[in-house]
Structures are given as structure tokens and as C-alpha cells.
Amino acid sequence: MVLNLIFLGPPGAGKGTVAQAVMDKYKLVQVSTGDLLRAEIASGSELGKKLAEVMNAGQLVSDDLVSEMLLKDLTKKASNPDFNGVIFDGFPRTQSQASMLENILLGINQKLNAVIYIESSKESVVKRLSSRWTCEKCKKVYNTVSLPPKSEGICDDDGGNLIQRDDDKPETISKRYDTFIEKTSPLIDYYKSKGILYKYDGNVPPVDSIKAAEEIIRRIVKE
Ligand code: AMP
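Residues numbered from 1 in each chain as written. Predicted model: local features only at pLDDT ≥ 70, side-chain atom pairs only at ≥ 80, totals over all residues. Heavy atoms only, no water.

K.L.:
Just give me the short version of the state of the cysteines, but keep the residues and values in it.
P.N.:
Per the counting criterion, the structure on display carries zero disulfides. Cysteine C138 is unpaired, with the sulfur of C135 as its nearest cysteine sulfur at 3.8 Å. Exposure remark for C138: the relative accessible area of 35% places this residue in the partly exposed category. Sulfur of C155: no disulfide; nearest cysteine sulfur belongs to C135 and is 3.8 Å away. (Disulfide = S-S within 2.5 Å. Buried < 20%, exposed > 50% of the residue type's maximum accessible area, 1.4 Å probe, protein only.)

K.L.:
A description of the sheet that holds strand β1 (residues 3-8) should follow, citing residues and the corresponding values.
P.N.:
Across the sheet, five strands lie side by side as β2-β3-β1-β4-β8; this open sheet has parallel pairing. Each edge of the sheet is formed by a strand with only one pairing partner; in this case those strands are β2 (29-32) and β8 (197-201). Pairwise comparison of adjacent strand axes, ignoring direction, gives a mean angle of 20° for this sheet. When β2 meets strand β3 (residues 85-89), the two strands line up parallel, connected through four bridges. For V31, the partnering residue across the bridge sits in β3 and is F88. Here helix α2 (residues 33-42) sits on the sheet in contact with β2 and β3, set at roughly 60° to β2. (Pairing = 2+ DSSP bridges. Helix = DSSP H or I, 4+ residues; strand = E, 2+ residues; numbered from the N terminus. Axes fitted to C-alpha atoms, helices over the stretch in contact; angles between N-to-C directions. Contact = heavy atoms within 4.5 Å.)

K.L.:
Residues and numbers for the nonpolar core, please.
P.N.:
If you look at the biggest cluster of nonpolar residues, it comprises 29 residues, and the most contacted ones within it are I6, F88, V115 and Y191. Those elements that provide at least two residues to this core are β1, α3 (46-56), α4 (63-78), β3, α5 (95-107), β4 (114-119) and α8 (186-193). Apart from the residues within four sequence positions on either side, Y191 is in contact with I6, P92, A98, L112, V115, I196 and L197. (Core = buried A, V, L, I, M, F, W, Y, C linked by side-chain atoms within 4.5 Å.)

K.L.:
Explain the packing of α5 against α8 to me, using residue names and the numbers behind them.
P.N.:
Look at α5 against α8: their axes get within 10 Å of each other, and the N-to-C directions meet at 40°. Here α5 is positioned oblique relative to α8, judged by the angle of their axes. Facing Q95, A98 and E102 of α5, the residues of α8 in contact are L187, Y190 and Y191. For the contact of α5 with α8, the class distribution of residues is four nonpolar, one polar and one charged. (Parallel < 35°, antiparallel > 145°, perpendicular 65-115°, else oblique. Nonpolar A, V, L, I, M, F, W, Y, C, P; charged D, E, K, R; others polar.)

K.L.:
Mind laying out the site of the ligand, listing which residues take part and the relevant values?
P.N.:
Near the ligand there are 16 residues, and of these T33, R38, Q59, R93 and Q97 occur at the shortest range. With respect to the ligand, the backbone of G90 contributes an N or O atom lying 2.9 Å from a nitrogen atom. Taken by itself the ligand offers 480 Å² of open surface, and the protein chains cover 96% of this. Here the shell around the ligand takes four residues from α2, the largest share from any one element. Among the residues making up the shell around the ligand, the classes are represented as six nonpolar, five polar and five charged. (Near = heavy atom within 4 Å. Polar contact = N/O pair within 3.5 Å; in protein donor to acceptor, adjacent residues only side chain to side chain. Areas by Shrake-Rupley, 256 points an atom, 1.4 Å probe, with all protein chains shown as cover.)

K.L.:
An account of the sheet that holds strand β7 (residues 162-163) is needed here, citing residue identities and associated values.
P.N.:
Pairing is antiparallel in the open sheet, where three strands are placed in the order β6-β5-β7. Strands with a single pairing partner mark the edges of an open sheet, and in this sheet they are β6 (141-143) and β7. Here two bridges tie strand β5 (residues 132-135) to β7, and the two strands are oriented antiparallel to one another. Across the sheet, T134 pairs through a bridge with I163, a residue of β7.

K.L.:
Give a description of the pattern of salt bridges that names residues and reports values.
P.N.:
Tallying each qualifying case throughout the model produces 13 salt bridges. A salt bridge links R132 to D168; the shortest N-O distance between them is 3.0 Å. Taken together, the residues span a long stretch of sequence, with R132 in strand β5 and D168 in the loop between β7 and α7 (170-184) at a distance of 36 residues. R132 sits in the buried class, given a relative accessible area of 15%. The salt bridge involving R176 is made with D168; its shortest N-O contact spans 3.0 Å. Overall, R176 belongs to the buried group, its relative accessible area being 10%. Sharing partners across several salt bridges, the network here consists of R132, R165, D167, D168 and R176. (Salt bridge = Lys/Arg side-chain N within 4 Å of Asp/Glu carboxyl O.)

Structure, rendered in C-alpha cells:
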């Protein structure tokens, strides 16, 4: 069965970590608009410089730009003969992006199966993000408190350097949370009204969050 899922939640709720954990099991690919935007910044382009300003201020990048990047990445991934579904991590973030996603999925003959909302308080995301480190090469995410690498500063999987994101500074984290509440949280009710919203308490350690998400995915697959 092809499974297309959205992981919804504030920054630091654990969307990326949980996506990485369940992807292999269900043979899904992850599409993270945040990763796509950071790749553009890393390329050193003029566009990347503008994006960095917006992102480091904790604001959202324009709907059109993000949707265009997503469409390109998704079309490539969905054309793989082994395509078995996708986890959208960090997209959609506005009502307009949700509508764009519906059209994009229609265009590649796919439908959205479920939206998993990872509920998290501002206090717990600030705590979590300030100890988040990411592998420079493979983007695997570590938490120096709850999910540390085997050797400090080095990725367990490929030996890449672990780096901290520029937008994981406390004042930016707080602003990003507020942006989520203002712009993205209306999507919770939107997907609820469509009958495809599942949610769990994400104010827990990563292992428990992964278990809760897996439990929901098992239920979705059975339905
Ligand atoms: P993330 O890695 O998902 O936390 O995204 C990091 C930053 O990238 C966000 O704070 C936004 O500035 C930007 N961003 C990522 N995804 C989107 C999106 N779907 N729409 C608008 N901006 C986004």
C-alpha cells in the first residue's frame, strides 16, 4: 500500500526524527522543505542569502517558492519505480500550501492518507532545539541530551561533522513557535474536518515519540 503522510507540529516537535525512524520500516521517502531550503542556502546562491535572512528571523518563506521546490523534489522521488509513499516534514505550513499540496498530489496520481500531529509545548521545543545537532553530510539529527552520538560532534553513520542550525538560537526558536501557532496551527482543524487527523503527545523522549507514531501508522495501514 502506498502511504502518504504529513507530520505536523511546531519546530522541534520531533517531525524529522520520527520521520527518519519510520521511513525505512515502511519504505517511505521524506520530503523536508526545511532541508531543501537549507541546501539552497548551502549552495551560496543569491536566493540562498535571502532565504537565510527570512529563516533566521523565524519567519516563513513564500508559499510559491516552497511549493515549487517541493514539487520538483517530490516529482523526482515519486517517479522512482520503488516509490511507496512519502512523509511530508515541514510542509504544508499554511492553508494556501495545503491547497497547493492537494493539487500537486492529484497531478501525480497520489492522495494524502493521514496527517499526524505531534503536539508539543513551547517549553519542551525550546529545550529540545537548543540541544539539537545535525550531521553536515546525511542530515541525521542528534540531541546532546536525549539522543547523543557515540562520539561527540561526529555522526554515527558516516563520520560527518555535527553542526548546529543557525535558526536554533533561543530567540529564533521562540519566534518560530509563534509562527507555527499563527500560520500553521489552523491546519489542525482543517485536516480534522477532513477526517484524516491523528495526534499524540510529543512532549516525551524521542523513543516514546517514535513508538507513538508507529502505533498510529500501524492503525492507518490496517484501516
Ligand atoms: P524546518 O526545518 O522545517 O523547521 O524549517 C526551517 C525554516 O525553513 C522555517 O522556520 C521556515 O523559515 C522555512 N520553511 C521550511 N518549510 C517551510 C514551508 N513549508 N513554508 C514556509 N517556510 C518554510
